[in-house]
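What the coordinates show
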Amino acid sequence: MTLERTARATLDAPDDEIDLERWLFELSDADYQACARGHRAAGSYTDEHGRGTINVESIGGKLIIQHYRAARTGPSYVEMYSPRSRVYLLHVIPVTASVRWTLTSTPVTGSTSELTCTVDVTLRPVLSMLGRLMASGTFLKRHVEEETSGFAADISHKHHSRKLCARESAEHTRASR
């Protein structure tokens, strides 16, 4: 059984100025935690197999540890895949699930774009029945909506901060001539 949940949020930046790949791999642990109540920890790494992230979340009474690998990345599309995420039911009973996490940005107007966040969790048949009993789909939906809003706020804030720094640097360069 696959649980798929998608949420959307507005980015206060034009799509051609958004770089989801850069944002994700520069995301600090503190910034990740600030994006959703269930976010516990995150980090990114590069090894001989490429880039990846490790995310730790608590969603609906389940602690989830994902070891994502970059499946496909670019400025407006990031797909991460964790084939053997550890899900701890009631924070105690370990089970394995695969998780695919996709972020996309699409233009809306000349100054805004839309962030779409999709999370697909695939559980074994016995676990999917338990997941339904534990309302996993409802908790996952709430979590994806919250984190998408938090991600959009963080991306927009960092975009505006970079633009402000660039503007101030250009003004300082002109003034020193």
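The sections below set out a description of the structure shown in this document. (Residues numbered from 1 in each chain as written. Predicted model: local features only at pLDDT ≥ 70, side-chain atom pairs only at ≥ 80, totals over all residues. Heavy atoms only, no water.)

**Observations concerning the pattern of salt bridges**
- Here the structure, examined in full by the defined rule, presents nine salt bridges.
- Measuring nitrogen to oxygen at the nearest pair gives 2.2 Å for the salt bridge that ties E21 to R51. One end of the pair, E21, is in helix α1 (residues 20-26); the other, R51, is in strand β3 (residues 50-59), with 30 residues separating them in the sequence.
- Relative accessible area serves as the criterion here: at 29%, R51 is assigned to the partly exposed category.
- Note that D31 and K158 form a salt bridge whose closest N and O atoms lie 2.8 Å from each other. Taken together, the residues span a long stretch of sequence, with D31 in helix α2 (residues 29-34) and K158 in helix α4 (residues 136-175) at a distance of 127 residues.
- Under the relative-accessibility criterion, K158 is labelled buried at 19%. (Salt bridge = Lys/Arg side-chain N within 4 Å of Asp/Glu carboxyl O. Helix = DSSP H or I, 4+ residues; strand = E, 2+ residues; numbered from the N terminus. Buried < 20%, exposed > 50% of the residue type's maximum accessible area, 1.4 Å probe, protein only.)

**Concerning the sheet that holds β3**
- Overall, antiparallel pairing links the seven strands, which are arranged β1-β7-β6-β5-β4-β3-β2 in an open sheet. Either end of the sheet is taken by a strand with one partner, and the two such strands are β1 (2-11) and β2 (39-47). Averaged over all pairs of adjacent strands, the angle between strand axes in this sheet comes to 20°, irrespective of strand direction.
- With 10 bridges connecting them, β1 and strand β7 (residues 113-122) associate as antiparallel partners. Looking across to β7, one finds that L3 is bridged to V121. (Pairing = 2+ DSSP bridges. Axes fitted to C-alpha atoms, helices over the stretch in contact; angles between N-to-C directions.)

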